[in-house]
Amino acid sequence: MITRFRIIFVALIVGISSVNAQVPAPAQAPAPAPVPDGPVRLELTPGSTARYRVREQLVGISFPNDAIGTTSAVSGALVLTANGAVNPAQSKITVDLRTLKSDQDQRDGFVRGDRLLNVDKFPTVEFLPKRAVGLPWPMPSGRGAQAGFQLVGDMTV
């Protein structure tokens, strides 16, 4: 059986720690986010995940299928300068590929095997962020604050 894959790697930062933030009192309107006077370190916290999405097209079967594999074995940090730029020398995200899991054990074995990722020889992926596109600066602060942005960088598989 031949399977074709198109891999899209997605790393999600779910939690943030060590961010300079102020939580406004509940009766007040939210205060503007403070402008940091030094670097800001955003660390991946437990619950962060990395995933891949592949479009499978099996030979002899005409319907494509999107397969998704995930892992919570993700660690690292994103360090931003006082003006909101990524500090590439101090930023790195690492994903342990040995724990990738989809809904099919056979697919997992193929993805982790020596014909695709070869995780016995190359067990991790390292992503080195270079810049953040669409990152609001200063970052939103306070309880429930969120910011969506795209990280651009180099990934070694």
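In case you missed it, the structure is sitting above this.
Just so it is clear, the model here is predicted, and its values are computed rather than measured.

Cut-off values and rules
Residues numbered from 1 in each chain as written. Predicted model: local features only at pLDDT ≥ 70, side-chain atom pairs only at ≥ 80, totals over all residues. Heavy atoms only, no water. Pairing = 2+ DSSP bridges. Helix = DSSP H or I, 4+ residues; strand = E, 2+ residues; numbered from the N terminus. Axes fitted to C-alpha atoms, helices over the stretch in contact; angles between N-to-C directions. Contact = heavy atoms within 4.5 Å. Buried < 20%, exposed > 50% of the residue type's maximum accessible area, 1.4 Å probe, protein only. Arc of directions from axis to C-beta.

Hey, could you go over the sheet that holds strand 7 (residues 92-96) for me, with residue numbers and the actual values?
Strands belonging to one sheet form pairs held by backbone hydrogen bonds; the direction of such a pair is parallel or antiparallel. A sheet is described by the order of its strands in space; here five strands give the open sequence 3-6-7-8-9, paired in antiparallel fashion. Each end of this open sheet is capped by a strand with a single partner; those strands are strand 3 (40-43) and strand 9 (150-156). Adjacent strand axes in the sheet meet at a mean angle of 25°, parallel and antiparallel pairs treated alike. Judged from the seven bridges that link them, strand 8 (residues 124-133) and strand 9 form a sheet pairing that is antiparallel. Bridging across to strand 9, A132 finds its partner in L151.

Summarise the side chain of D108; cite the residues concerned and give the values.
The topology assignment puts D108 in helix 1 (residues 105-112). Non-local contacts of D108, meaning those with residues more than four positions away in its chain, are made with Y52, L100, K101 and S102.

Which residues make up helix 1, and what values go with them?
Within helix 1, the full set of buried residues consists of R107, D108 and V111. Each buried residue of helix 1 sits inside an arc of 100° when the element is viewed along its axis, so together they form one side. Summarising the geometry of helix 1, the exposed residues directed more than 90 degrees from the buried face are D105 and Q106. Those residues of helix 1 hidden inside the fold are in contact with strand 4 (49-58) and strand 5 (65-71).

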